[in-house]
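Residue-level structural notes
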Amino acid sequence: MTGDAPKIRIDKWLWFARFFKTRSLAAKHVSAGHVRVNGTKALKPAQNVSPGDVLTFAQGKVIRVVRVEGTGERRGPAPEAQALYFDMTEKQEKIPANPKFEGKGRPDKKARRALDLTRKQDTL
């Protein structure tokens, strides 16, 4: 018996680590070529990963870079899943979804009241 590191399928690991809701979603993401293992595209969900491998993939609008720390035995609770990887993703500034009213677009209620007050004073 050699001292090889434990290995696990990449789709199974992504599901264990709670990056994808289902294992089939993880497999589709890998098959589409959206996951890189140590800089090379993983085209098969059956590709094995082991501790020390670096995975790069898109999750929503963020590119995630994680290092595999453990293989896991089950899809457990979130704290157990977070122990399976080290997140190397750079922190990004949070951009607000909608800019505040700056004279463009529809004013909010407070701005409409202020407009109404100025209009009433003009007519008097």
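See above for the structure.
Residues numbered from 1 in each chain as written. Predicted model: local features only at pLDDT ≥ 70, side-chain atom pairs only at ≥ 80, totals over all residues. Heavy atoms only, no water.

Some remarks on the sheet that holds strand 6 (residues 62–68)
In plain terms, the rule: Pairing between two strands requires that DSSP report at least two bridges joining them. Only runs of H or I of at least four residues qualify as helices and only runs of E of at least two qualify as strands under DSSP, and these elements are numbered from the N terminus.
Pairing is antiparallel in the open sheet, where 5 strands are placed in the order 3-2-5-6-7. Whereas interior strands pair on both sides, the edge strands pair on one side only; in this sheet they are strand 3 (40–41) and strand 7 (85–87). Pairing geometry for strand 5 (residues 54–59) and strand 6, over 6 bridges, is antiparallel. For Gln-59, the partnering residue across the bridge sits in strand 6 and is Val-62.

What to know about the side chain of Thr-71
Let me state the cut-off plainly: By definition, residues are in contact when any of their heavy atoms lie within 4.5 Å.
Take Thr-71: it is sitting in the loop between strand 6 and helix 3 (78–82). Once you skip the residues sitting within four places of it in the chain, Thr-71 turns out to touch Pro-6, Lys-7, Ile-8, Trp-13, Phe-16, Pro-51 and Leu-84.

Some details on the nonpolar core
Basically, it comes down to this: As used here, the term nonpolar core means buried Ala, Val, Leu, Ile, Met, Phe, Trp, Tyr and Cys residues forming a set that is joined through side-chain atoms within 4.5 Å. Under the scheme applied here, a residue whose accessible area is under 20% of the maximum for its type counts as buried, over 50% as exposed, and between as partly exposed, the area being computed with a 1.4 Å probe on protein chains only.
Grouped together as the largest cluster of nonpolar side chains are 20 residues, with contacts concentrated most on Ile-10, Trp-13, Leu-14, Phe-19 and Leu-55. Mapped by element, the contributors of at least two residues to this core are helix 1 (10–16), helix 2 (23–31), strand 2 (35–37), strand 5 and strand 6. Ranked by residues supplied to this core, first place goes to helix 1 with 4 residues. Setting aside residues up to four positions removed in sequence, Leu-55 forms contacts with Ile-10, Trp-13, Leu-14, Arg-36, Val-37, Val-49, Arg-64, Val-65, Val-66 and Val-68.

Describing the packing of aromatic side chains
Heads up, the rule is: Aromatic contacts are taken between Phe, Tyr and Trp rings whose centres are within 6.5 Å, Trp giving its six-membered ring; a plane angle under 30 degrees counts as stacked, one over 60 as edge-to-face, and the others as tilted.
Throughout the structure, instances matching the rule amount to 6 aromatic pairs. Arranged with centres 5.7 Å apart and planes meeting at 35°, the rings of Trp-15 and Phe-16 form a pair that is tilted. Since its relative accessible area comes to 25%, Trp-15 is described here as partly exposed. Classification of Phe-16 by relative accessible area gives buried; the value is 5%. The interplanar angle of 75° and the centroid separation of 5.1 Å between the aromatic rings of Phe-19 and Phe-57 together place this pair among those described as edge-to-face. Here Phe-19 is found in the loop between helix 1 and helix 2, whereas its partner Phe-57 is found in strand 5, with 38 residues between them in sequence. A relative accessible area of 7% places Phe-19 in the buried class. Through pairs of rings, three or more aromatic residues link up here, namely Trp-13, Phe-19, Phe-20, Phe-57 and Tyr-85.

Remarks on a positive patch on the surface
Basically, it comes down to this: Residues form patches when they are more than 30% accessible in relative terms and have no salt bridge. Like charges link within 9 Å. Nonpolar side chains (Val, Leu, Ile, Met, Phe, Trp, Tyr) link within 5 Å. Here, Shrake-Rupley sampling with a 1.4 Å probe gives the accessible areas, and only protein chains in the shown set may cover a residue. We define a salt bridge as a contact between a side-chain nitrogen of Lys or Arg and a carboxyl oxygen of Asp or Glu at a distance within 4 Å. Positive: Lys, Arg. Negative: Asp, Glu. His and the chain ends are not part of the count. All charge positions are set by atom: Lys at NZ, Arg at CZ, Asp at CG, Glu at CD.
A surface patch of like charges, here positive, comprises Arg-106, Lys-109, Arg-112 and Arg-113. Relative to the assigned elements, Arg-112 resides in helix 4 (residues 109–123).

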